[in-house]
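Per-entry structural report
Listed below are the residues making up each chain.
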Protein chains: 2
Amino acid sequence: MNTKQENKKVFLEIVKQLQELIDKEQIKPGNKLPSERVLSERLNVGRSSVREALRSLELLGLIETRQGGGTFLSSGQHIQLVEILASFILKESRTVEEVHDTRKMHEKEAIRVICSDKSLIALPVWESLFYKIEVESEVVRHHILREFVITSGNRLSLKIWMQLAAFSATPLKKITTEQEKPILLVLLKSIQLGFKKEALEAYDQWMQHLNTIKEIEN
Amino acid sequence: MNTKQENKKVFLEIVKQLQELIDKEQIKPGNKLPSERVLSERLNVGRSSVREALRSLELLGLIETRQGGGTFLSSGQHIQLVEILASFILKESRTVEEVHDTRKMHEKEAIRVICSDKSLIALPVWESLFYKIEVESEVVRHHILREFVITSGNRLSLKIWMQLAAFSATPLKKITTEQEKPILLVLLKSIQLGFKKEALEAYDQWMQHLNTIKEIEN
DNA sequence: AAACGAAAGTGGTCAGACCACTTTAGACTT
DNA sequence: AAGTCTAAAGTGGTCTGACCACTTTCGTTT
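Residues numbered from 1 in each chain as written. Chains lettered and ligands numbered in written order. Predicted model: local features only at pLDDT ≥ 70, side-chain atom pairs only at ≥ 80, totals over all residues. Heavy atoms only, no water.

**A short note on the environment of Gln205 of chain A**
Relative to the helices and strands, Gln205 of chain A resides in helix 11 (residues 196–217). In this structure, the C-alpha to C-alpha distance between Gln205 of chain A and Glu180 of chain A, residues 25 residues apart in sequence, is 9.4 Å. (Helix = DSSP H or I, 4+ residues; strand = E, 2+ residues; numbered from the N terminus.)

**Some details on the protein's contact with DNA strand D**
Of all residues adjacent to DNA strand D, which total 25 residues, the nearest are Val10, Gly46 and Ser49 of chain A together with Glu36 and Arg47 of chain B. Sugar and phosphate atoms form 57% of the subset of DNA strand D atoms that lie within 4 Å of the protein. Taking Ser49 of chain A, its side chain carries an N or O atom lying 2.7 Å from a phosphate oxygen of DNA strand D. One nitrogen or oxygen atom from the main chain of Gly68 of chain B is found 3.1 Å from a base nitrogen belonging to DNA strand D. (Near = heavy atom within 4 Å. Polar contact = N/O pair within 3.5 Å; in protein donor to acceptor, adjacent residues only side chain to side chain.)

**Here we look at the pattern of salt bridges**
Inspection of every chain in the model, using the stated rule, returns 23 salt bridges over all chains. Taking the shortest distance from any N to any O, the salt bridge between Glu52 of chain B and Arg51 of chain A comes out at 2.7 Å. One end of the pair, Glu52 of chain B, is in helix 3 (residues 47–59); the other, Arg51 of chain A, is in helix 3 (residues 47–59), on a second chain. Classification of Glu52 of chain B by relative accessible area gives buried; the value is 7%. Among the ionic contacts, a cluster of salt bridges with common partners joins Glu36, Arg47, Arg51, Arg55 and Glu58 of chain A together with Glu52 of chain B. (Salt bridge = Lys/Arg side-chain N within 4 Å of Asp/Glu carboxyl O. Buried < 20%, exposed > 50% of the residue type's maximum accessible area, 1.4 Å probe, protein only.)

**A short note on the packing of helix 7 (residues 125–134) of chain A against helix 8 (residues 140–152) of chain A**
All names here are of chain A. In contact at an axis separation of 10 Å, helix 7 and helix 8 are set at 170° when each is read in the N-to-C sense. Accordingly, the angle class assigned to the pair helix 7 and helix 8 is roughly antiparallel. Within the contact between the two elements, helix 7 uses Val125, Trp126, Leu129, Lys132 and Ile133 and helix 8 uses Val140, His143, Ile144, Glu147, Phe148 and Thr151. Classifying every residue of the contact of helix 7 with helix 8 by side-chain character gives seven nonpolar, two polar and two charged. (Axes fitted to C-alpha atoms, helices over the stretch in contact; angles between N-to-C directions. Parallel < 35°, antiparallel > 145°, perpendicular 65-115°, else oblique. Contact = heavy atoms within 4.5 Å. Nonpolar A, V, L, I, M, F, W, Y, C, P; charged D, E, K, R; others polar.)

**Some thoughts on the nonpolar core**
Formed by 40 residues in total, the largest nonpolar core has its most connected members in Leu18 of chain A together with Leu18 and Leu57 of chain B. Elements supplying a minimum of two residues to this core: helix 1 (10–24) and helix 3 of chain A together with helix 1 (10–24) and helix 3 of chain B. Those residues in contact with Leu18 of chain A that sit more than four places away from it in its chain are Leu39, Ala53, Leu54 and Leu57 of chain A. (Core = buried A, V, L, I, M, F, W, Y, C linked by side-chain atoms within 4.5 Å.)

**Let's talk about the confidence of the model for chain A**
Low-pLDDT stretches of the model should not have their predicted coordinates read in fine detail. Residues and elements named next belong to chain A. A residue-level look at chain A finds 81% of positions with pLDDT of 70 or above and a mean pLDDT of 82. The secondary-structure element of chain A with the lowest mean pLDDT is helix 4 (residues 81–92), recorded at 64, while helix 5 (residues 96–115) shows the highest, at 93. Counting contacts from residues 1–7, a segment whose pLDDT is below 50, to residues more than four positions away or on other chains yields five contacts. (pLDDT = per-residue confidence, 0-100.)

**Re the packing of aromatic side chains**
All names here are of chain B. Applying the stated criterion across every chain yields a total of two aromatic pairs over all chains. Measuring from centroid to centroid gives 5.8 Å for Trp126 and Phe148, while their planes differ by 45°, and the two rings are tilted. Of this pair, Trp126 sits in helix 7 (residues 125–134) while Phe148 sits in helix 8 (residues 140–152), and the two are 22 residues apart along the sequence. The residue whose ring lies beneath Arg66 is Phe72, and the NZ or CZ to ring-centre distance is 3.9 Å. (Phe/Tyr/Trp six-rings, centres within 6.5 Å; stacked < 30°, edge-to-face > 60°. Lys NZ or Arg CZ within 6 Å of the ring centre and 35° of its normal.)

**Thoughts on the pairing of strand 1 (residues 63–66) of chain B**
Within a regular strand, the side chains alternate between the two sheet faces. Residue and element names in this part refer to chain B. Burial of the side chains of strand 1 is restricted to one face: Ile63 and Thr65 are buried, whereas none of Glu64 and Arg66 on the reverse face is. Pairing of strand 1 with strand 2 (residues 70–73) involves four bridges; the strand directions are antiparallel. Among the inter-strand pairings, Arg66 is bridged to a residue of strand 2, identified as Gly70. Once strand 1 ends, the chain turns through three residues before running back antiparallel as strand 2, passing Gly68 with a positive phi of about 80°. (Pairing = 2+ DSSP bridges.)

Okay, structure coming up:
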């Protein structure tokens, strides 16, 4: 079948036809798709070709498959491909500095977003972070920064940030209470008050402080 | 092999092993990957499983295949998943917004970096962009924004931005000279002078203007 | 009516076969 | 000897059939 001379990949054609089928059959997120064997018959292609298309869509997070159960239209959150893309991108340009800069970019943007949204700065999260500062642990910094990005509400940014954080993970010493804690207090307090400028300054100061620590440790 | 512990998907495992192989064998963009038959033998899996993984990566634009030629690590940019994802994703407005927000984040950060670096604002690029504004084309906006990110010098940010730009590509009308050009002039001029605040304001104004256009067209 | 269990359905994987196309290398021509 | 041409090898593209593991379904049994 498919006399199509066009040099188009067939599995891409199947992907396209699957979309049309989903649209035509009014298949909503969570609904079941026809089985691979049925699809292969309806589209006049081999089952392996159908599978190549389905596996692609699964990697993109657009569908979910359960062995013995069937194939289902994903109910959202299809951002998991970010992880695969990120790992490839990071492999190519794993300049430590660039990763760090990009990561800071996302963190600062999160702070900006939070400070501009009254409903976000009113969240109880910040209070709990005050307590976290007291708990001297190596991962507190990571937790705090992650909380920033999470609270900002951009799930995509969070995905990217998590990848970057995984690459630039440089386990440092515990929080140095004498110097670091006051900075963090200012940062958190500024956020709670919605003082964007002050928060960003505190953040910069914090990062600068961390660099100092790193140099000392090396 | 397949000691198969966890219920992890095998084709995902192959994707992972392919990444490791690319890393270990020092395969650079444009280089050839082992043939499907060789991979199937080396990884102790069936050829069809290898193909499912390869097709997934191809859909992501991470590899390219030429019939009779072989499989090659992509030299980038060829992202055909855009169309597929777009039709799936465009229904979820929240995701679209997140992509757009994240993209703007990278663009604004690029502007900040540029304005803070005298050697960057002195570049002849900006002069050439003035001319580009005159050329009424649909892709001028994309070119300008890309130039920002490129000039900022963070290649990782550029790669992320390119992915995001591919997703959020919403072909608009040509630049509306009456309203848009003056904004762009202010933006470029502000950058040349290193006026960070003014440049960012002009950028925001620009984005706002683009939103207005989009609403009108819909 | 509830519980159980066999059968059907479905995804997961593999092997083999053929096709179309590209690359390679040897035979041929000059 | 150099270049050209063609056949063979290599490679991706696709299909078929088979078997496995798991889930769902439904009829039988209790």
